[in-house]
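Examining the three-dimensional arrangement
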Amino acid sequence: MDGAKKDYLLYPAAIPPHEKSDYIVDVLFDRFRYHSGEGDMWPLTWAEDDIIYAGAGDNKGCPMNLWRIQTLRFSPSALTNTGQWSMDMINPQPIPLSKYCQNPKAPYVKPSGLLDIKGVLYLSIEAQNYGNNPLFCRQQNLNGWIVKSMDGGRTFDPDTTPCHFFEGRLSSCHFLQFGKGYSGARDNFVYAYFPCDLEDGCSYWENNDALLLGRVPADRLTHREAWEFYCGADPFHPAWSHDGEKAAPVFSYYKMTGANHVAYNPGIGRYLMGNYGFVDEDLRPRPVHQMRYPESHLSQLTLFEAPQPWGPWRLFYRNDNWGTYGDYQPNFPTKWMTADGCIVYMVSSGSWDDYNFVVQKLALKTKGNPDFPEAARHFRYQP
């Protein structure tokens, strides 16, 4: 393109095609970031026992394990986060890898979603490979399933659902988060997002085109026939179908949609989503698995809010050079949100130096408020 030789497909520059939020009008990040644990992915849920449970991928010599995060103190106005939580790995291998990592087309597994409903923990898993398209190589999800724990993640029933419970563009299941033990949920459904590519009908860990949305009655979560999918054309007139082929995007960002997590912020009455996508120096989509160090250093972070799980999503923050070497997988633990919803903690991971549980506070300025909350007074701290 324009005389330049590239070893990857050149797509249009990563400019989010979304309206700017008129509700969250500004964002202030704490200048400090804190690193704990080890690994990536970090799907999170606030459980009935008041613990945050998190899944981690590709660490401790294992492609997947489960962590317990205990809040020692919650003080968003403190200068630092030091000593505010502790992390312990409680299950080094939630499923028998000897059984689930034998498919040569998808030899790897990672945690995609985690949800606690009144003390019962549900873990969604995705089976992956590292891609086979030399011109736009993305980590591909081929199928996914759900396992259940009745003892706080110490053990899981590996046969809760068949391993092909979800397939194709529905392979990567990310549960929408509400309050403690799923309290504060909008209705009797569990909702989940599925990243996918609209052109080839596959699901990828990075640089997809869109998110699909599914829902299921909470008491039938492990029954595939009970799931239905958003198929509307207008977020103000939602429609649903049990036919997954009819699922329509609730969020679209061409070749820049991540395997995103969504959490409800009751203080401001909005659903928050962090989106990530990898780019080259000219801001064109370029998957991280297309690159090698030191090239793999650029990702774009975009933050969105919506009044409903299906949108409409509006942009309230954008950073075209996020993290140290290209961070990813932003998430907002619902336990770590202030009552007014104006200070939240963002958990993420990233390549190289950031390949762990990374936490950063951020303050939200909402419509009608003249400034950020007083608790954010140290975010601009200069020694």
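Scroll up to find the structure.
Residues numbered from 1 in each chain as written. Predicted model: local features only at pLDDT ≥ 70, side-chain atom pairs only at ≥ 80, totals over all residues. Heavy atoms only, no water.

Okay, the overall build of the protein chain next. When you go through the protein chain residue by residue, the secondary structure sums to one helix and 24 strands. Computed over its C-alpha atoms, the radius of gyration of the protein chain comes to 19 Å, within 12% of the 21 Å expected for a compact globule of 383 residues. Reported as C-alpha extents along the three principal axes, the dimensions of the protein chain are approximately 60 × 55 × 45 Å. Out of the 383 residues belonging to the protein chain, those deemed buried represent 58%. Partitioning the intrachain contacts of the protein chain with sequence separation of at least 6 by distance along the chain shows that 62% fall at a separation of at least 24. (Helix = DSSP H or I, 4+ residues; strand = E, 2+ residues; numbered from the N terminus. Rg over C-alpha atoms; globule rule 2.2 N^0.38 Å. Buried < 20%, exposed > 50% of the residue type's maximum accessible area, 1.4 Å probe, protein only. Contact = heavy atoms within 4.5 Å.)

By definition, the strands of a sheet pair up through backbone hydrogen bonds, in either a parallel or an antiparallel sense. If you trace the four strands from one edge of the open sheet to the other, you get S3-S4-S5-S6, paired in antiparallel fashion. Strands with a single pairing partner mark the edges of an open sheet, and in this sheet they are strand S3 (40-46) and strand S6 (85-91). Each adjacent strand pair in this sheet contributes to an overall mean axis angle of 30 degrees, direction not counted. Inspection of the sheet shows strand S4 (residues 52-59) paired to strand S5 (residues 62-71) by seven bridges, in the antiparallel sense. Opposite Ala-54, over in S5, you have Trp-67 as the bridge partner. (Pairing = 2+ DSSP bridges. Axes fitted to C-alpha atoms, helices over the stretch in contact; angles between N-to-C directions.)

With that out of the way, let us pick up the nonpolar core. Here is a general trend for soluble globular proteins: nonpolar side chains tend to be buried in one another's company. Ranked by size, the top nonpolar core spans 66 residues in total, and within it Ile-95, Trp-145, Phe-175, Phe-194, Leu-221, Trp-227 and Trp-313 carry the most contacts. Setting aside its immediate chain neighbours within four residues, Trp-145 contacts Ile-95, Tyr-100, Val-109, Leu-123, Ser-124, Ile-125, Ala-127, Thr-161, Pro-162, Cys-163 and Phe-165. Counting 25 residues, the second-largest nonpolar core is a separate cluster that includes Val-27, Trp-205, Ala-263 and Leu-362. (Core = buried A, V, L, I, M, F, W, Y, C linked by side-chain atoms within 4.5 Å.)

This model, assessed by the stated rule, comprises 34 aromatic pairs. Taking the centre distance of 5.7 Å and the plane angle of 50 degrees together, the rings of Phe-178 and Tyr-264 count as tilted. Taken together, the residues Phe-178 in the loop between strand S11 (174-175) and strand S12 (189-196) and Tyr-264 in strand S18 (residues 261-265) connect sequence positions 86 residues apart. In this structure Phe-178 comes out as buried when scored by relative accessible area, which is 2%. Each ring, one from Phe-194 and one from Trp-227, has its centre 6.2 Å from the other, and the planes form 75 degrees; the classification is edge-to-face. (Phe/Tyr/Trp six-rings, centres within 6.5 Å; stacked < 30°, edge-to-face > 60°.)

A separate point is unusual backbone geometry. Note the cis peptide between Gly-311 and Pro-312, where omega equals 0 degrees. You can see Pro-312 is positioned in the loop between strand S20 (299-306) and strand S21 (314-319). Look at Trp-42: it is not a glycine, yet its phi comes out positive at around 55 degrees. Looking at the secondary structure, you find Trp-42 in strand S3. The class of Trp-42 is buried, set by a relative accessible area of 1%. Positioned with a positive phi, Asp-50 is a non-glycine residue whose angle comes to about 75 degrees. Among the secondary structure elements, Asp-50 is positioned in the loop between S3 and S4.

The strand order S18-S19-S20-S21 describes an open sheet built from four strands, whose pairing is antiparallel. Taken across any chain shown, the strands that pair with only one partner, and hence form the sheet edges, are S18 and S21. Taking each pair of neighbouring strands and ignoring which way they run, the sheet shows an average axis angle of 20 degrees. The sheet contact formed by S20 and S21 spans five bridges and is antiparallel. Residue pairing in the sheet places Glu-305 in a bridge with Arg-314 of S21.

Our focus in this paragraph is the side chain of Ser-349. Tracing the backbone shows Ser-349 in strand S23 (residues 343-350). Within the structure, the side chain of Ser-349 is placed 3.0 Å from the backbone oxygen of Gly-39, a separation counted as a polar contact. Among all residues touching Ser-349, those that are not within four sequence positions of it are Gly-39, Asp-40, Met-41, Trp-42, Asp-327, Tyr-328, Asp-354, Tyr-355 and Asn-356. (Polar contact = N/O pair within 3.5 Å; in protein donor to acceptor, adjacent residues only side chain to side chain.)

Moving on to the pattern of salt bridges. Under the definition given, this model contains 19 salt bridges. A salt bridge links Arg-314 to Glu-19, with the shortest nitrogen-to-oxygen separation between them at 3.4 Å. Separated by 295 residues along the polypeptide, Arg-314 in strand S21 and Glu-19 in the segment before strand S1 (24-29) bring together distant segments of the chain. Relative accessible area serves as the criterion here: at 54%, Glu-19 is assigned to the exposed category. Here Arg-33 and Asp-327 are joined by a salt bridge, their closest N and O atoms 2.8 Å apart. Taken together, the positions of Arg-33 in the loop between S1 and strand S2 (34-36) and Asp-327 in strand S22 (residues 327-331) put the pair 294 residues apart, joining distant regions of the chain. Arg-33 gets classed as partly exposed once you look at its relative accessible area, which sits at 25%. Put simply, Arg-138, Asp-197, Glu-199, Asp-200, Asp-209 and Lys-255 are held in one network by salt bridges that share partners. (Salt bridge = Lys/Arg side-chain N within 4 Å of Asp/Glu carboxyl O.)

What follows deals with the environment of Ser-124. With respect to the secondary-structure elements, Ser-124 resides in strand S8 (residues 120-129). Ser-124 sits in the buried class, given a relative accessible area of 0%. For Ser-124 and Leu-176, which are 52 residues apart along the polypeptide, the C-alpha to C-alpha distance reads 12 Å. When residues no more than four places from it in sequence are discounted, the contact partners of Ser-124 are Lys-110, Pro-111, Ser-112, Gly-113, Trp-145, Ile-146, Cys-173 and Phe-175. Separated by 2.7 Å, the side chain of Ser-124 and the backbone nitrogen of Gly-113 make a polar contact.

So, about the environment of Thr-71. Residue position: Thr-71 is located in strand S5. In this structure, Thr-71 is in contact with Gln-84, Trp-85, Lys-335 and Trp-336, ignoring residues within four places of it in sequence.

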